[in-house]
Amino acid sequence: MVMTVLVRPEALDALKRRDFRMLIGKEWVAAESGKTMERTAPGHGVVVSGIPAGSRADAERAIGAARHAFDHGPWPRMTVSERSLLLLKVADAIAARADELAFLDAVEAGKPISQVKAEIAGAVDIWRYAAALARDLHGESYNTLGDGTLGVVLREAIGVVGIVTPWNFPFLIVSQKLPFALAAGCTTVVKPSELTSGSTLVLGEILLEAGLPEGVVNIVTGTGPEVGAVFATHQQVDMVSFTGSTAVGRITMENAGKTLKKVSLELGGKNPQIVFPDADIDAFIDAAVFGAWFNAGECCNAGSRLILHRSIADEVTARIAELSAKVKVGDPLNPHTQVGAIITPEHLHKVSAYVKGAGEAGAQLAHGGEALELGPGQFMAPTILAGVTPDMAVAREEVFGPVLSVLSFETIDEAIRIANAVDYGLSAGVWSRDFDTCLTVGRKVRAGTVWMNTFMDGAAELPFGGYRQSGLGRELGRHAVEDYTETKTLNMHIGARTSWWMPRQ
Ligand code: NAD
């Protein structure tokens, strides 16, 4: 059984198409080709946005504007006090336009409106955190290298940063990158996902209204191969910060190799939750449901693999199925909805194929499994697969939908082995009342974040990123601004210098 929230005709009436332009320098422009792209709301089946279909020419023009703003503009030379104040002003303006931003992400991505409102509030907090960090950006000095030497280590803005973001958390993810790059004094070219560009374009309006100088943030819309790929290969771009699939992350890194620029990659995940019999099972059941169905499982951090101790596996799986039946799936704009739409019909097809393949490989369907007809959009029932083994595709690959795989183990070593037996290493959870058990798993699981007796919590202060094919580098945390800097050593000599070819006696 699935609790559904039907899409009401009034919800469809409320959806007016909004046409956007993109931001280059301080101008709002159409694509040079004049072409546009449309976005059909995945939860409502109607066109809600039109965006310019940018191409290489537009990307190059935007990179030129960012380069000019970095090389000649005031932004990198302003005091951090001034930059920090502007970031705070932007944070306030985001809060003031939170409803508009939340609406855009809800309709374009099919996300539940109540969830997106929390994401926008989280983004405001991140902009404020970046403003605070900006004030602490500093280098080092070494007055310990002898009477004749003083060493100073400078932190300088790295330059022009190309930012590429995915569709699953459109506003939150651009907010995990842009304010830190701006805090460092960088200038930027941003390419949001072609499916969800609206909120990033509104952010462009907010930045200009807050007084950001011309060319510091440019936003080019369009497809990845047409626009995003230009950033990695372009000589005038100094760094690419990419969040998206591991496949495109790999292409980005290969492309960046041609000009040897720095890349930061936040990629996919296949995150395990390991549960021992002594855990607080009630608390875990709630976290399992949240971890699997939050954002319809279209979440890099989704807890998509449960690794349950064999003695509790059947009972716990039945309880998760029971609670999943109460989760409300449907209209993203209904405030009671907990699970929204699937991003595109093609993606629903891909997710369904994983479920079918798992059945053929011997997994048993413990809940859901089917697409839901709730209105003109595309939806899927929360789906639980029991009896999954580590070799199955559904246990190794990122499904990126509401599909939970349940595996089991006997010993702690076996649990850790199963957790690490995938190419990804983004995050993991461990549940036990035993301190030693939690710490042993926490140390041995190869993942950028390990939650203990909780799941998918986070804070701007805590670094986030992946091991292995989940990415390269970390976002957030106190080093987040430094990531957008270069290090320069000033090695200074004091007094008479010792001659190399005629040493003094
Ligand atoms: P995607 O890789 O298809 O697209 C991401 C972005 O890259 C989009 O803007 C897209 O237009 C662009 N792109 C596509 N091809 C490109 C190319 N050749 N060169 C440059 N850019 C290109 O990913 P998606 O489907 O939008 O997002 C889902 C993926 O993102 C999942 O794998 C998910 O795990 C991952 N993700 C990771 C994190 C994280 O922080 N680790 C967060 C959110 C999403």
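The name an unreviewed UniProt entry assigns to the protein is Aldehyde dehydrogenase family protein, from the organism Mesorhizobium liriopis. Of the protein, the UniProt comment under Sequence similarities (unreviewed entry) reads exactly: "Belongs to the aldehyde dehydrogenase family."

Undergrad: Would you mind going over the overall build of the protein with me for this structure?
TA: Each helix and strand in the protein was counted, giving 15 helices and 27 strands. The C-alpha radius of gyration computed for the protein amounts to 24 Å, which stays within 12% of the reference 23 Å derived for 505 residues, consistent with globular compactness. Look at the contacts in the protein between residues 6 or more apart in sequence, and 74% of them connect residues 24 or more apart. Where the 46 positive side-chain charges of the protein centre and where its 57 negative ones centre are 5 Å apart.

Undergrad: How should the layout of surface pockets be read in this particular structure?
TA: Over the atoms, a rolling probe the size of a water molecule traces out where space has been left empty. In this model, the largest pocket occupies a volume close to 1100 Å³. In terms of lining residues, the largest pocket is bounded by 46 residues, among which Trp167, Gly244, Ser245, Thr246 and Val248 are the most central. Secondary-structure elements contributing two or more residues to the lining of the largest pocket are α8 (224–233), β12 (239–243), α9 (246–257) and α12 (345–360). Here the lining of the largest pocket takes seven residues from α9, the largest share from any one element. Split into classes, the residues belonging to the lining of the largest pocket amount to 21 nonpolar, 15 polar and ten charged. For the lining of the largest pocket, the two domains that each supply at least three residues are domain 1 (7–267) and domain 2 (272–452). Here the second largest pocket is characterised by a volume of approximately 780 Å³. Residue assignment for the lining of the second largest pocket shows that the elements contributing at least two residues are α5 (113–134), α6 (170–184) and β24 (449–452). For the lining of the second largest pocket, the leading source of residues is α5, giving six residues.

Undergrad: I'm lost on helix α7 (residues 198–209) in this one. Help?
TA: Given 3.6 residues to a turn, an α-helix orients residues that are three or four positions apart in the same direction. Here α7 is twelve residues long and its end C-alpha atoms lie 17 Å apart, about the 16 Å a rise of 1.5 Å per residue gives. Across the twelve residues that make up α7, a large majority, nine, are buried. Within the sequence span of α7, burial applies to Gly198, Ser199, Thr200, Leu201, Val202, Leu203, Gly204, Ile206 and Leu207. Following α7 by one or two positions, Gly211 has its phi on the positive side, about 100°.

Undergrad: What is the right way to read the sheet that holds strand β27 (residues 485–493) from this model?
TA: For sheets, the rule is that strands pair by backbone hydrogen bonds, running either parallel or antiparallel. Taken in spatial order, the three strands line up as β7-β8-β27 in an open sheet, and their pairing is antiparallel. If you trace the sheet from one side to the other, it starts and ends with β7 (140–142) and β27, each paired once. The average undirected angle you get between the axes of adjacent strands in this sheet is 15°. Strand direction decides the pairing type here: β7 and strand β8 (residues 149–157), joined by three bridges, are antiparallel. Bridge pairing in β8 places Tyr142 opposite Gly151.

Undergrad: Explanation requested: the site of the ligand in the structure shown.
TA: What surrounds the ligand is a group of 27 residues, the closest being Thr165, Glu194, Ser245, Leu267 and Glu398. For the ligand, an oxygen atom lies 3.2 Å from a polar atom in the backbone of Gly224. The contact in question runs from an oxygen atom of the ligand to an N or O atom on the side chain of Glu398, over 2.6 Å. Relative to its unbound accessible area of 850 Å², the ligand is 89% covered by the protein chains. In this structure, the ligand is accommodated by the largest pocket. Mapped by element, the contributors of at least two residues to the shell around the ligand are α8 and β12. The element contributing the most residues to the shell around the ligand is α8, with four residues.

Undergrad: Can you help me understand empty space enclosed by the protein in this one?
TA: Per the counting criterion, the structure on display carries four cavities of 30 Å³ or more. Approximately 90 Å³ is the volume found for the largest cavity. Lining the largest cavity are 14 residues, with Gly297, Ala302, Ser304, Phe400 and Gly401 positioned closest to its centre. In terms of residue class, the lining of the largest cavity is built from seven nonpolar, five polar and two charged.

Undergrad: Can you help me understand the sheet that holds strand β21 (residues 403–409) in this one?
TA: In space, the seven strands of this open sheet follow the order β17-β20-β21-β15-β14-β23-β24, with mixed pairing throughout. Either end of the sheet is taken by a strand with one partner, and the two such strands are β17 (364–367) and β24. The mean angle between the axes of side-by-side strands here comes to 25°, regardless of whether they run parallel or antiparallel. The pairing of strand β15 (residues 305–309) with β21 spans five bridges and is parallel. Of the residues in β21, the one forming a bridge with Leu306 is Val406. Docked against the sheet, helix α10 (residues 281–293) engages β14 (272–275), β15, β20 (383–386), β21 and β23 (427–431), running at close to 170° with respect to β14.

Undergrad: How should I be thinking about unusual backbone geometry in this particular structure?
TA: Residues apart from glycine generally show negative phi values, whereas peptide bonds are mostly found in trans. Of note in the backbone geometry, Met456 takes a positive phi value of approximately 60° without being a glycine. Its location among the elements puts Met456 in the loop between β24 and β25 (467–468). Since its relative accessible area comes to 14%, Met456 is described here as buried.

Undergrad: Before we go on, may I ask you to explain the packing of aromatic side chains in this structure?
TA: Geometrically, a pair of aromatic rings is defined through the distance of the ring centres and the angle of the planes. If you walk through the whole model with that rule in mind, you get seven aromatic pairs. Ring centres 6.4 Å apart and planes at 70° place the aromatic pair Tyr129 and Phe180 in the edge-to-face group. Of the two residues, Tyr129 sits in helix α5 while Phe180 sits in helix α6, which places them 51 residues apart along the sequence. Taken as a pair, Tyr129 and Phe180 share a single burial class, namely buried. Relative to Phe294, the ring of Phe169 lies with its centre 6.0 Å away and its plane at 25°, an arrangement referred to as stacked. With Phe169 in the loop between β9 (160–164) and α6 and Phe294 in the loop between α10 and β15, the pair connects residues that are 125 residues apart, well separated along the chain. Of the aromatic side chains, those joined through ring pairs into one cluster are Phe169, Phe290 and Phe294. Cation over ring: Lys111 sits above Phe169, and NZ or CZ is 3.8 Å from the ring centre.

Cut-offs applied
- Throughout this document, residue positions are counted from 1 along each chain, in the order its sequence is written.
- With pLDDT at 70 or above as the cut-off, local features in this predicted model cover only qualifying residues; side-chain atom pairs require 80 or more to be listed or tallied, and sums for whole chains, interfaces and linings still use all residues.
- Hydrogens and water are ignored here; the side-chain numbers use all heavy atoms of the structure.
- UniProt positions are given in the numbering used here, feature names are shortened, and annotations may be inferred rather than shown by experiment.
- Strands are runs of DSSP state E lasting at least 2 residues, helices are runs of H or I lasting at least 4, and numbering of each runs from the N terminus.
- Two things to know: the radius of gyration comes from C-alpha atoms, and the globule rule equals 2.2 Å times the number of residues to the power 0.38.
- Every residue pair with non-hydrogen atoms within 4.5 Å of one another is taken to be in contact.
- Charge convention: Lys and Arg are scored as positive, Asp and Glu as negative, and His as well as the terminal groups of each chain are ignored.
- By convention, charge coordinates are those of NZ in Lys, CZ in Arg, CG in Asp, or CD in Glu.
- Cavities and pockets were defined on a 1 Å grid built from protein atoms only: a cavity is a group of points that admits a 1.4 Å probe but offers it no way out, a pocket is an open group of points flanked by protein on both sides within 12 Å along at least five of seven lines, and a lining residue is one with an atom within 4 Å of any such point.
- Grid points are joined across faces, edges and corners, and a volume is the space filled by probe spheres set on the points.
- Polar here means any residue other than Ala, Val, Leu, Ile, Met, Phe, Trp, Tyr, Cys and Pro, which are nonpolar, and Asp, Glu, Lys and Arg, which are charged; Gly is therefore polar.
- Either an automatic procedure or a domain database provided the assignment from which the domain bounds are taken.
- For a helix, the expected span equals 1.5 Å multiplied by the number of residues minus one.
- Working definition: with a 1.4 Å probe on protein chains only, accessible area under 20% of the residue-type maximum means buried, over 50% means exposed, and in between means partly exposed.
- Strands are labelled as partners when DSSP assigns at least two bridges between them.
- For helices, the fitted line uses only the C-alpha atoms of the stretch in contact; every axis is such a line through C-alpha atoms, and the angle between N-to-C directions lies from 0 to 180 degrees.
- Nearness is defined per residue: one heavy atom within 4 Å of the molecule or strand is enough.
- For this analysis, a polar contact is any N or O atom pair within 3.5 Å, provided that within protein one partner can donate a hydrogen and the other can accept it, and provided that sequence-adjacent residues contribute only side-chain to side-chain pairs.
- Each accessible area is a Shrake-Rupley result for a 1.4 Å probe, and residues are judged covered by the shown protein chains and nothing else.
- To qualify as sitting in a cavity or pocket, a molecule needs more than half of its atoms within 2 Å of the grid points.
- Side-chain rings of Phe, Tyr and Trp, where Trp is taken by its six-membered ring, are said to pair if the distance between their centres is within 6.5 Å; with planes under 30 degrees apart they count as stacked, over 60 as edge-to-face, and otherwise as tilted.
- Note on geometry: a ring has a charge over it if NZ (lysine) or CZ (arginine) is within 6 Å of the ring centre and within 35 degrees of the ring normal.

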